[in-house]
Amino acid sequence: MTYHQATYDEPLLSEIHSDNRYKVPEADENIINLIPEELRTDNVNLPVIAEYDVVRHFTRLSQMNYGVDLGIYPLGSCTMKFNPKFADRIASMENFSETHPLVGDDSIQGSLRVMYELQVYLSELSDMDAVTLQPLAGAHGEYTGILIIRKYHESKGELEKRREIIIPDSAHGTNPASAAMAGFDVVEIPSSPDGTVDLDALKAALSDRTAAFMITNPNTLGLFEKRITEIAEIVHKSGALLYYDGANFNAIMGITSPGLMGFDVVHFNLHKTFATPHGGGGPGSGPVGVKKFLKEFLPIPVVEKSPDGKYFLNFDLRNTIGKVSPYYGAFSTILRAWAYITYHGSDGLTENTVRAVLNTNYLVSRLGNDFKIPFGKLKKHELVLTTENTGKRALDLAKYLIDLGIHAPTVYFPLNVHEDMMIEPTETVSKRDLDQFADALISASRQDEESLKHLPVNLSVGRIDEVKAARQLKLHW
Amino acid sequence: MSKIPQELKYTKSHEWIRVEGETVTVGITDYAQSQLTDIVFIDLPKKGTKKKAGEVLLTIESVKSAEDVFSPLDGEVTEVNSALEDKPELVNKDPYANWMVKLQKKGGFGETMTPEEYKKFIGE
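Residues numbered from 1 in each chain as written. Chains lettered and ligands numbered in written order. Predicted model: local features only at pLDDT ≥ 70, side-chain atom pairs only at ≥ 80, totals over all residues. Heavy atoms only, no water.

(A) Representation of the packing of aromatic side chains within the structure. Residues and elements named next belong to chain A. Going through the model one piece at a time under the given rule, you end up with 14 aromatic pairs over all chains. A ring pair is formed by Phe 96 and Phe 331, whose centres lie 6.1 Å apart and whose planes are at 65°; its orientation type is edge-to-face. Here Phe 96 is found in helix 4 (residues 94–97), whereas its partner Phe 331 is found in helix 12 (residues 331–367), with 235 residues between them in sequence. Residue Phe 96 is classed as buried on the basis of its relative accessible area, which comes to 15%. Ring plane angle 70° and centroid distance 5.4 Å describe the contact between Tyr 152 and Phe 293, whose orientation is recorded as edge-to-face. Note that Tyr 152 is positioned in helix 6 (residues 138–155) and Phe 293 in the loop between strand 7 (288–290) and strand 8 (302–305), a separation of 141 residues in sequence. An aromatic cluster of at least three residues, connected via ring pairs, comprises Tyr 244, Phe 249, Phe 263 and Phe 268. (Phe/Tyr/Trp six-rings, centres within 6.5 Å; stacked < 30°, edge-to-face > 60°. Helix = DSSP H or I, 4+ residues; strand = E, 2+ residues; numbered from the N terminus. Buried < 20%, exposed > 50% of the residue type's maximum accessible area, 1.4 Å probe, protein only.)

(B) Molecular detail of the domain arrangement of chain A. Residue and element names in this part refer to chain A. Segmentation of chain A into domains returns domain 1 (90–343) and domain 2 (348–471). Buried surface at the junction of domain 1 and domain 2, both sides included, amounts to about 1,700 Å², of which 62% is carbon and sulfur. It is Thr 220, Leu 221 and Asn 250 that lose the most area in domain 1 upon contact with domain 2, and together they represent 31% of the buried surface on that side. Counting every contact that joins domain 1 to domain 2 gives 0 salt bridges. Summed over the shared surface of domain 1 and domain 2, the result is 6 residue pairs in polar contact (both at pLDDT 80 or more). Residues of the side of domain 1 that touches domain 2, tallied by class, amount to 13 nonpolar, 10 polar and 2 charged. (Domains from an automatic or database assignment. Buried area = accessible area lost by both parts, 1.4 Å probe. Salt bridge = Lys/Arg side-chain N within 4 Å of Asp/Glu carboxyl O. Polar contact = N/O pair within 3.5 Å; in protein donor to acceptor, adjacent residues only side chain to side chain. Nonpolar A, V, L, I, M, F, W, Y, C, P; charged D, E, K, R; others polar.)

(C) Here's a closer look at the side chain of Glu15(B). All names here are of chain B. Summarising the element assignment, Glu 15 is placed in strand 2 (residues 15–20). Although Glu 15 is buried, it makes no salt bridge; Lys 12 carries the closest opposite charge, 12 Å away. From its side chain, Glu 15 meets the backbone nitrogen of Phe 70 in a polar contact 2.8 Å long. Discounting residues that sit within four places of it in the chain, Glu 15 has contacts with Lys 9, Tyr 10, Val 26, Gly 27, Ile 28, Thr 29, Asp 68, Val 69 and Phe 70. (Lys, Arg positive; Asp, Glu negative; His and termini not counted. Contact = heavy atoms within 4.5 Å.)

(D) Representation of the nonpolar core in the model. All names here are of chain A. Residues Leu 122, Leu 202, Phe 213, Ile 231 and Phe 274 are the most contacted members of the largest nonpolar core, which totals 47 residues. Contributing elements (two or more residues each) for this core: helix 5 (109–126), helix 8 (199–205), strand 4 (210–215), helix 9 (228–237), strand 5 (241–246), strand 6 (265–268), strand 9 (311–314) and helix 12. Discounting chain neighbours no more than four positions away, the residues touching Phe 274 are Leu 122, Leu 125, Met 253, Asn 269, Ala 337, Tyr 340 and Ile 341. Membership of the second largest hydrophobic core comes to 28 residues, among which are Ile 72, Tyr 400, Ile 406 and Ile 423. (Core = buried A, V, L, I, M, F, W, Y, C linked by side-chain atoms within 4.5 Å.)

(E) The interface of chain A and chain B, seen in detail. Listed per partner, the contact involves 10 residues of chain A and 14 residues of chain B. Together chain A and chain B conceal approximately 880 Å² of surface at their shared face, both sides included; 56% is due to carbon and sulfur atoms. Sorting the residues of chain A by area buried against chain B places Tyr412(A), His418(A) and Arg471(A) first, and these three jointly supply 50% of that buried surface. Linking chain A to chain B there are 2 salt bridges. The salt bridge involving Lys64(B) is made with Glu419(A); its shortest N-O contact spans 3.5 Å. Between the two partners, chain A and chain B, sit 1 residue pair in polar contact (both at pLDDT 80 or more). Its residues assigned to classes, the side of chain A that touches chain B comprises 4 nonpolar, 1 polar and 5 charged.

(F) Highlighting helix 6 of chain A. Residue and element names in this part refer to chain A. Spanning 18 residues, helix 6 covers 26 Å between terminal C-alpha atoms, matching the ideal 26 Å at 1.5 Å per step. Those residues of helix 6 that sit buried are Gly 138, His 140, Gly 141, Glu 142, Thr 144, Gly 145, Ile 146, Leu 147, Ile 148, Ile 149, Tyr 152 and His 153. Looking at the residues trailing helix 6, positive phi occurs at Gly 157, about 75°. (Expected span 1.5 Å × (residues − 1).)

Spelled out as C-alpha cells, the structure:
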C-alpha cells in the first residue's frame with residue numbers, strides 16, 4: 001500500500017480574505033435608538049470570509065490530518081474507538097442542542113431523563129450506588145472523586161491526620177496531580193516484578209495517615225490486579241478509601257465491576273469507554289460514582305426522579321462538596337454516551353469488552369516473536385512491548401508507521417518499561433487492519449536504522465525537531 | 001556500554017556522587033542520560049535549599065519524559081551549575097563533567113553503590 005497525505009500551503013483563517021463583503025442585518029430604527037450614540041459604530045470589524053472559503057479551509061486541514069474515521073488509532077491509554085455516527089446524530093438534534101441551560105425543569109424533562117438514565121446505567125455497570133455527571137474530563141473526575149474522599153475524612157474529623165494518598169508507579173500521571181491539587185501528599189509505591197501492585201510495599205505504605213489508594217484495574221500494562229479484593233480489604237482496614245481510575249473500564253465492563261472489587265469511588269471516561277469524540281484537548285466527560293455512604297458528598301446538582309415520575313435537579317445535598325462545573329456537565333458527551341449504551345445494551349457492551357481484549361491478545365500473538373513483551377503474555381485491553389531487543393528506538397518505529405498512514409501507538413509510556421510502545425487496538429478495528437498494523441510494525445523493526453531517521457516523508461510535515469521545539473519554544477496565536 | 005567512573009558513588013535512582021570533605025557533588029549517570037535521550041530543561045534548585053536524603057532535588061525534562069533527581073544525603077544546596085539553565089544538552093554530551101548541584105553535608109547518606117554494584121544494577 002502506498003500512502004501520501006494531502007499537503008497544502010494553507011494560511012491561517014485570520015489570513016484569509018474573501019472578495020465578498022459582509023452586510024450588517026437591517027435593524028428597526030426604534031431599537032437602534034435605544035442604544036446610546038457613543039456605543040454605535042459603522043465598523044464592526046467582522047472577518048470577511050465566504051462560506052466556500054471556510055469550508056475549503058477546514059476540509060484541507062482535515063485532509064492533512066489523521067483521525068478515527070480514517071483507520072486504526074492504537075494510542076495506548078487513550079482508547080480511541082471509532083465514534084458511531086448515530087450518537088452524533090442524536091447529540092445534534094435541535095431539541096437537545098438548542099436548549100438553554102437555564103430553562104426550568106418542566107421544559108426539559110427529556111434532557112433530564114437522559115441524564116437520569118445515564119446516572120442509573122453507570123451505577124449499574126460499575127455496581128456503585130450514586131453517580132454525578134458534573135465533571136468535564138477524566139482528570140476532573142479524579143479531582144472531584146478525591147474532593148469527595150477529602151470531605152468524607154473531614155466529616156469524620158480525620159482530615160488533619162489523613163494527609164497521604166498512595167499511588168503505584170505505573171499510574172496515569174493525572175493521579176498524583178489530582179491528589180496534589182486536592183492538597184494531599186503523594187506516596188508512590190513500586191510495582192512488583194510481575195507488573196502488578198506490590199502488596200508488601202502497599203502494606204508498608206498504609207497507615208492512619210492514608211486517605212486513599214488510587215489504582216486503575218487493569219493497570220497501564222494491561223494487567224488485571226488479581227489480588228484486588230485483598231487490596232481492598234487491607235486498604236479499608238487502615239481506614240482509607242479505594243479509588244478506581246476508570247480510564248481502563250473498557251477492559252472489564254460487563255464482565256466484572258469496580259463495585260464488586262471493593263472500590264468506594266470511581267470515575268468514568270465517557271469519551272473513552274462510550275466512544276464519544278475526543279483528542280486534541282476535548283471534549284471529555286468524567287462522571288464519578290460512589291458507594292452509598294459517600295452519596296451525601298456528591299457535587300450538586302444531581303438529577304433525581306420524583307415518585308410521580310417527574311425528573312428534577314436536586315441542589316440540596318447535605319454535605320455536598322459544592323459545584324465543580326458550570327451548569328450540568330458536558331451535555332453533548334453525556335448524550336452520546338447515553339445513545340451508545342442504549343444502542344448496544346448490556347450484551348452489546350459486554351461483547352465490545354470481549355472483542356477489545358481479544359484484539360489485544362491477537363496483537364500479542366502476532367508481535368510476540370519479534371518484540372519482547374514483558375510481564376506475561378495474557379493482557380486485557382492494551383499491551384506494552386519494548387523495541388530494545390530489535391536495537392531500534394520506539395520513536396523511529398512510530399515514524400515508520402505514520403509514514404504508511406497508520407497511526408502510531410503511545411511511545412515512552414508507561415515509564416517502567418524502556419523504549420516502549422503501548423498499543424490499544426480497541427474493538428472497533430477489523431482483523432485485516434490488525435494484521436496490517438502488525439506487519440508494518442515488524443517490517444519497521446527490520447529497516448536499517450539510518451533510513452528510519454529520515455521518516456516520515458509521505459506526510460504533510462516531515463520529521464519534527466522535537467529537541468529544538470522544546471528548547472526554543474515559540475508560541476503564536 | 002555506559003561510562004561508570006571508578007572514583008564516584010552511585011544510587012539506584014541513577015545519580016552519581018562525588019564526596020570531597022563536607023562538599024558533595026551530584027549529577028546523573030551516563031546510563032541515565034542515554035535513557036532520557038535529549039534533555040531539554042533542567043529545573044535547578046535555589047542555593048540554600050535544604051534537602052533530606054531521598055527528597056526530590058531537581059527535575060529533568062527530556063523529549064521522552066520528566067524525571068526527578070533525588071538528594072543522596074541530608075544537605076544544603078551551596079552551588080548550582082547554572083550553565084545548564086541555557087544549555088541542558090551539556091549533560092547529554094558529558095554527564096560527569098557537567099555536574100548539577102553541590103551540597104554541604106548536614107547528615108547521613110541514603111543507600112549508595114560502588115561502581116561495580118551500579119554496573120550490575122543496570123545490567124551491563
